[in-house]
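A look at the structure
Each chain, written out:
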Amino acid sequence: MTKPDLNLLVTLDVLLAEASVARAAERLRLSPSAMSRALARLRQVTGDPLLVRAGRGLVPTPRALALRERVGQLVDDAEAVLRPAEMLDLSQLARTFTLRTSEGFVENFGPALLRRIGADAPGARLRFLPKPNRESGALRDGSVDLETGVIGLSTGPEVRAQALFRDRFIGVLRSGHPLIDTPVTASRYAGGRHVLVSRRGLERGPIDDALEKLGLERQVVTTVGGFSAALALARGSDLIASVPERHSGNLRAGMHSFALPFPVPEVTVSMLWHPRLDADPAQRWLRMCVREVCLAERADRHPDTDPGP
């Protein structure tokens, strides 16, 4: 059996990434005609058209979509094997790492992470991007180095993940709120006026599901897209905000926090990255820093919520 030309893997990787013969040719410094011939060879070897015309552009076939992640990983692994081993010199590291996180993570863990990064690698920089969803496209295309959040159904199956900590929902009130004077029962909690947090604008969440099991329903008077906005509204009104405890520690300063008087599932916050970054020394160092900051915060944190009934 004739062995396949493994150089075609590089060509296939670029073609699937660009979905354009002209752009792929430019990246590999080939002529468009040479790239067209390479695509013809790939179609013959794989027995699939791979890229087909759709209007003025090309779109990948189902087989091409299935191959895209595998091919990209194979090329990355091959390049890593052939790359000379280098010791990571943090004092000389001049690199910007892009993290996609929630606002709460930046507000509560960002300062400590920046101090940790700056102590080891003064030339390294962090760029925090908002996280409007749980899709993994930014990790796949390399525009994001690392994510933090809760793993969801839209998280790519190839994405690597490591748990950082568990978080629970708590209730938060302004100082002087009428509910502070007496124990907060499930009925009194549900009878208050609430601000709901939903990035997608949903009308209910896990807390509403938990209350429904008790035959209760809370009155949601407004919905916001983030926990900092919910706490800002609660700080200036009689609204009740229900937020993750560890993601809101700094933002709740001066407010009254209490344990919810009914069971609500905890969430596991993880960091996520693409497998092509597994062996990169700088990326491994970054992940170690994130783990250490989260562990240190957990060790230093003191309970600041009332135990509830």
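Refer to the structure printed above.
Notes on the structure follow. Worth saying up front: this structure is predicted, and the values here are computed from it rather than measured. (Residues numbered from 1 in each chain as written. Predicted model: local features only at pLDDT ≥ 70, side-chain atom pairs only at ≥ 80, totals over all residues. Heavy atoms only, no water.)

Here we take up the pairing of strand E12 (residues 267-273). Summarising burial for E12: five of the seven residues are buried, a large majority. Pairing between strand E5 (residues 146-149) and E12: three bridges, direction antiparallel. The residue of E12 that forms the bridge with Glu147 is Leu272. Of the pairings in the sheet, the one linking strand E6 (residues 160-167) to E12 comprises seven bridges and is antiparallel in character. By the bridge assignment, Gln162 is partnered in E12 with Met271. (Buried < 20%, exposed > 50% of the residue type's maximum accessible area, 1.4 Å probe, protein only. Helix = DSSP H or I, 4+ residues; strand = E, 2+ residues; numbered from the N terminus. Pairing = 2+ DSSP bridges.)

Taken in spatial order, the five strands line up as E9-E8-E10-E7-E11 in an open sheet, and their pairing is mixed. In this open sheet, the two edge strands, each paired with only one partner strand, are strand E9 (219-224) and strand E11 (256-259). Direction aside, neighbouring strands of the sheet carry axes that sit 35 degrees apart on average. When strand E8 (residues 193-197) meets E9, the two strands line up parallel, connected through five bridges. Across the sheet, Val195 pairs through a bridge with Thr222, a residue of E9. With respect to the sheet, helix H9 (residues 227-235) is in contact with strand E7 (169-173), E8, E9 and strand E10 (240-244), its orientation differing from that of E10 by roughly 150 degrees. (Axes fitted to C-alpha atoms, helices over the stretch in contact; angles between N-to-C directions. Contact = heavy atoms within 4.5 Å.)

The subject of this paragraph is the sheet that holds E12. If you walk across this open sheet you meet the five strands as E4-E3-E5-E12-E6, and the pairing is mixed. A strand with exactly one partner marks an edge of an open sheet, and here the two such strands are strand E4 (125-129) and E6. For this sheet, the mean angle separating the axes of adjacent strands, direction not counted, is 20 degrees. Where helix H5 (residues 103-120) meets the sheet, its contacts fall on strand E3 (96-100), E4, E5 and E6, and the angle it forms with E4 comes to roughly 165 degrees.

A few words now on the pattern of salt bridges. With the rule as written, the count across this model stands at 15 salt bridges. Among the ionic pairs, Arg41 bridges to Asp5, the shortest N-O distance being 3.6 Å. Within this pair, whereas Arg41 is found in helix H3 (residues 32-46), its partner Asp5 is found in the segment before helix H1 (7-18), the two being separated by 36 residues in sequence. A salt bridge links Arg204 to Glu212, with the nearest nitrogen and oxygen atoms 3.4 Å apart. Exposure remark for Arg204: the relative accessible area of 39% places this residue in the partly exposed category. Overall, Glu212 belongs to the exposed group, its relative accessible area being 52%. A single salt-bridge network, built from bridges that share partners, covers Glu18, Arg23 and Arg27. (Salt bridge = Lys/Arg side-chain N within 4 Å of Asp/Glu carboxyl O.)

Relative to the 16 Å expected for 12 residues at 1.5 Å per residue, H1 spans 17 Å between its end C-alpha atoms, a close match to the ideal helical length. Considered for burial, the residues of H1 that qualify are Leu8, Thr11, Leu12, Asp13, Val14, Leu15, Leu16 and Glu18. A positive backbone phi angle near 50 degrees is found at Ala19, which sits one or two residues after H1. (Expected span 1.5 Å × (residues − 1).)

Attention now moves to the packing of aromatic side chains. Enumeration according to the criterion identifies five aromatic pairs in this entry. Taking the centre distance of 5.2 Å and the plane angle of 65 degrees together, the rings of Tyr189 and Phe262 count as edge-to-face. Here Tyr189, found in helix H7 (residues 186-191), pairs with Phe262, found in the loop between E11 and E12; they are 73 residues apart in sequence, far enough to count as distant. Grouping residues by exposure puts Tyr189 and Phe262 together as buried. An aromatic cluster of three or more residues is present, and its members are Phe105, Phe109 and Phe165. (Phe/Tyr/Trp six-rings, centres within 6.5 Å; stacked < 30°, edge-to-face > 60°.)

We now examine the packing of H1 against H3. Axis separation between H1 and H3 bottoms out at 10 Å; the angle between their running directions is 105 degrees. When the interaxial angle is binned, H1 and H3 end up roughly perpendicular. Residue-level contacts link Leu8, Thr11, Leu12 and Leu15 of H1 to Met35, Ala38, Leu39, Arg41, Leu42 and Val45 of H3. Looking at side-chain class alone, the contact of H1 with H3 contains eight nonpolar, one polar and one charged residues. (Parallel < 35°, antiparallel > 145°, perpendicular 65-115°, else oblique. Nonpolar A, V, L, I, M, F, W, Y, C, P; charged D, E, K, R; others polar.)

Note: strand E1 (residues 51-54) against strand E2 (residues 57-60), four bridges, orientation antiparallel. Counted as the bridge partner of Leu51 is Pro60 from E2. Turn length for the E1-E2 hairpin, with the two strands adjacent in sequence and antiparallel, is two residues, and the turn residue Gly55 shows positive phi of about 65 degrees.

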